[in-house]
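# Remarks on the overall topology
Here are the chains, one letter per residue:
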Amino acid sequence: MSRLRLGTRRQTMTLPILPVDDEHVMTRRLSASGHVQHQLSTVSQIYTPNTDEYRSQERVPPAGADFKRQLVLRPILNSEEQQIIQRRLSVISEDYDTLGEDDIEESTREELINRFTIQTEHIRRRRRILFFIEPIFASILLLPIVALFWECGWNLVLILLNVLNGYSSNVPSNEDFHGYSLLSLIVSYIIAQLLLLTLYLGQDFFYNFLKQQKLIVRLILLKCHIFLLASTYVVQWVMLWVVWDQHCPNEWYFELVLSFTGLFALIVFIGQLSDLVYAPFLVSYDSIEYCLHFGCPLLTRQMSQWKINLINYVVYEIIISNIAIVVWRGFYNVLDKYLYPNDLNRSAWICLLMGYILYYPLMYFQHYLEYLNLKFDFWVFVSINFPQLYRNIRHFFAFLSCLFLWRGFWVLYDFHVVIFEEHYQTYLLLYLLSFLFLTLLQTSSSINGPLNNIDDDNHFFPLYPNCYVSTIVQKFSHVSFF
């Protein structure tokens, strides 16, 4: 009955980057005739009133279409104050102003140039270090602790269900499991959903309230909020997972068909698969700016904030969460049944190996893969005509990486972690200790993932923003190593 859920937050569609054309400057002729415009789809021919009045939300999901990133193309103004597009050579170059050669003397200019060069080299060296450290830190240190929190929380919920249904207070094995009453599952799920609804509708109130508190009080209340949200997500996922386990056929082909159906349902409903990607691709930093507001990708016009929050809740916590569980459950159960089911250690280590083999290339080559359309004509064609196909392929491989990594750690914990004779004592102790450890690192919110876009000045990873270490370095910049 060991199952998993990953603490992260969702993403939404990001738009393709078009190549620079010196003659037309980002203008693409849709027809050979200057008087006839080629319609890209029948939807575009439908008149929609007030489309120019629709606005995106202030806080959007990580890597969303409205997430402000440094792109390879940036607008500048020419001498006539007309906007043109300029290709940027370096992110670092934007952090400094151009030296005014006509306004300073030769000696002063040389001194400033030398100082600029030294400063630039120092920043480049720091950026290279951070670039390599970010994925390693997230995958080697944070992910095992986050997975431990979820594994212990999951088993604690199963023990609670055992007690409610009159079973033993230990985690049941697959052979001894006889099923839980539908009433206990539904009631627990409804309670979890009501708590989530309260957090969604009250997010602005919670944010304003915490912002007025002193630092220590604010941190304590924020940690309590994160712990409550994480525990609620554990309950939500356990209930849905167990319902599917008890009331659906367990044949491998049915589960795989159901999972692939969920994949296509996500593509049809929201256009992309990024909501299946969790830690270690996405980690968070504990702050009221990132951990209280739920990112919303909706474009709205003259709508009350509580209505936006309510719609966002329905979309993500009722629709997308159910689809994500269906997808995860099918692939996970197939691995349980057919990847060395009689040798759990070998099964777990193979999963970890496969997960890391997928993870590091997807992270380190993220920037290169994101901007292939600026290097090759073929990817220009792909990015313009199939903007989400290429990205969804990467999302799918990132999902597989998460699946292998989480199952690897999960199986090892289930098989080896035994401290007390009573199971609930072991899981409760590790549940609290893992949260305390992440709290001390200021990343307990990685259990749920960043709820909205996190400001990242480095922009190493444009598809899956991962800037925990960079944020720590920025806040403690006096550390001599950097």
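### Some points on the overall build of the protein
When helices and strands are tallied, the protein shows 13 helices and two strands. For the protein, the residues scored as buried account for 48% of the 482 residues in total. Approximately 25100 Å² of the protein is accessible, and the part contributed by carbon and sulfur atoms is 62%.

### Some thoughts on the packing of aromatic side chains
Within this structure, the stated rule accounts for 35 aromatic pairs. Judged by centre distance (5.4 Å) and plane angle (70 degrees), the ring pair of Phe260 and Phe331 falls under edge-to-face. Of this pair, Phe260 sits in helix α5 (residues 252-270) while Phe331 sits in helix α7 (residues 305-338); the two residues are 71 residues apart in sequence, bridging distant segments of the chain. Note on Tyr356 and Tyr360: the rings are 5.8 Å apart at their centroids and 15 degrees apart in plane angle, and the pair reads as stacked. In this pair, Tyr356 and Tyr360 are both assigned in helix α8 (residues 344-364), four residues apart and thus about one turn of the helix distant. For Tyr356, a relative accessible area of 17% corresponds to the buried category. Put simply, the rings of Phe131, Phe132, Phe281, Tyr356, Tyr359, Tyr360, Tyr364, Phe460, Phe461 and Tyr464 pair up and form one aromatic cluster. It is Arg407 that lies over the ring of Tyr332; its NZ or CZ is 6.0 Å from the centre.

### Here we look at a nonpolar patch on the surface
On the surface, Phe378, Phe381, Phe386, Leu389, Ile393 and Phe397 cluster together into a nonpolar patch covering about 610 Å² of accessible area. For the nonpolar patch, the secondary structure elements donating two or more residues are α10 (377-385) and α11 (389-416). For the nonpolar patch, the element with the most residues is α11, which contributes three residues. Looking at the secondary structure, you find Phe381 in helix α10. Classification of Phe381 as partly exposed rests on a relative accessible area of 47%.

### A closer look at the nonpolar core
Counting residues in hydrophobic clusters, the biggest one holds 105 residues, and the most contacted among them are Trp150, Val238, Leu276, Phe281, Trp328 and Trp406. The greatest single-element share of this core, amounting to 17 residues, is contributed by helix α1 (residues 106-164).

### Quick look at the packing of α5 against α7
Helix-helix packing is characterised by the crossing angle of the two axes and by the distance between the axes. Close contact between α5 and α7 brings their axes to 8 Å; oriented N to C, the two are set at 150 degrees. Between α5 and α7, the angle is such that the two are roughly antiparallel. Between α5 and α7 lies a crossing of left-handed hand. Broken down by class, the residue content of the contact of α5 with α7 amounts to 18 nonpolar, four polar and three charged.

### So, the pattern of salt bridges
Enumeration according to the criterion identifies six salt bridges in this entry. With a closest N to O distance of 2.3 Å, Lys223 and Asp286 form a salt bridge. Linking Lys223 in helix α4 (residues 215-247) with Asp286 in the loop between α5 and α6 (288-291), this pair joins segments that are 63 residues apart in sequence. Take Lys223 and Asp286: they sit in the same class, and that class is buried. A salt bridge links Arg346 to Asp343; its shortest N-O distance comes to 3.6 Å. With a relative accessible area of 43%, Arg346 lands in the partly exposed category. Using a relative accessible area of 30% as the deciding quantity, one classes Asp343 as partly exposed.

### Quick notes on the side chain of Gln272
Structurally, Gln272 is set in the loop between α5 and α6. Taking relative accessible area as the criterion, Gln272 reaches 1% and is therefore assigned buried. Here the side chain of Gln272 touches Asp275 through a polar contact of 3.5 Å, side chain to side chain.

### Considering the confidence of the model for the protein
Chain-level pLDDT for the protein is 78 on average; 72% of the residues reach the 70-or-more range. Across residues 64-104, where pLDDT falls below 50, the model places 77 contacts with residues more than four positions away in sequence or in other chains.

### Notes on unusual backbone geometry
Omega for the bond connecting Ala279 with Pro280 falls within 30 degrees of zero, at 10 degrees, which places this linkage in the cis form. Position of Pro280 among the secondary structure elements: in the loop between α5 and α6. You will see that Tyr340, though not glycine, has its phi angle at about 45 degrees, which is positive. At Gln442, a residue that is not glycine, the phi angle is positive and equals roughly 60 degrees. When you line up the elements, Gln442 lands in the loop between α12 (423-440) and α13 (468-475). Look at Gln442 and you get buried, because its relative accessible area is 19%.

### Quick word on the environment of Glu255
As for its position among the elements, Glu255 is in helix α5. Relative accessible area serves as the criterion here: at 1%, Glu255 is assigned to the buried category. Separated by 73 residues in sequence, Glu255 and Trp328 have C-alpha atoms that sit 10.0 Å apart. Leaving out residues up to four positions away in the same chain, Glu255 has contacts with Pro249, Asn250, Arg329, Gly330, Asn333, Val334 and Lys337. Within the local environment of Glu255, its side chain forms a polar contact with the side chain of Asn333, the two groups lying 3.2 Å apart.

### A word on the environment of Ile145
Here Ile145 shows up in helix α1. Owing to a relative accessible area of 18%, Ile145 belongs among the buried residues under this scheme. When sequence neighbours within four positions are dropped, the list of residues in contact with Ile145 reads Ser434, Phe437 and Leu438.

### Quick notes on the environment of Gly330
For Gly330, the position within the fold is in helix α7. Residue classification places Gly330 among the buried residues on the basis of a relative accessible area of 0%. Separated by 74 residues in sequence, Gly330 and Leu256 place their C-alpha atoms 5.4 Å apart. Not counting chain neighbours up to four residues away, the residues in contact with Gly330 comprise Glu255 and Ser259.

So, how was this worked out
- Residues numbered from 1 in each chain as written.
- Predicted model: local features only at pLDDT ≥ 70, side-chain atom pairs only at ≥ 80, totals over all residues.
- Heavy atoms only, no water.
- Helix = DSSP H or I, 4+ residues; strand = E, 2+ residues; numbered from the N terminus.
- Buried < 20%, exposed > 50% of the residue type's maximum accessible area, 1.4 Å probe, protein only.
- Areas by Shrake-Rupley, 256 points an atom, 1.4 Å probe, with all protein chains shown as cover.
- Phe/Tyr/Trp six-rings, centres within 6.5 Å; stacked < 30°, edge-to-face > 60°.
- Lys NZ or Arg CZ within 6 Å of the ring centre and 35° of its normal.
- Patch = residues over 30% accessible without salt bridge, like charges linked within 9 Å, V, L, I, M, F, W, Y side chains within 5 Å.
- Salt bridge = Lys/Arg side-chain N within 4 Å of Asp/Glu carboxyl O.
- Core = buried A, V, L, I, M, F, W, Y, C linked by side-chain atoms within 4.5 Å.
- Axes fitted to C-alpha atoms, helices over the stretch in contact; angles between N-to-C directions.
- Parallel < 35°, antiparallel > 145°, perpendicular 65-115°, else oblique.
- Left-handed = near helix turned anticlockwise from the far one by under 90°.
- Nonpolar A, V, L, I, M, F, W, Y, C, P; charged D, E, K, R; others polar.
- Polar contact = N/O pair within 3.5 Å; in protein donor to acceptor, adjacent residues only side chain to side chain.
- pLDDT = per-residue confidence, 0-100.
- Contact = heavy atoms within 4.5 Å.

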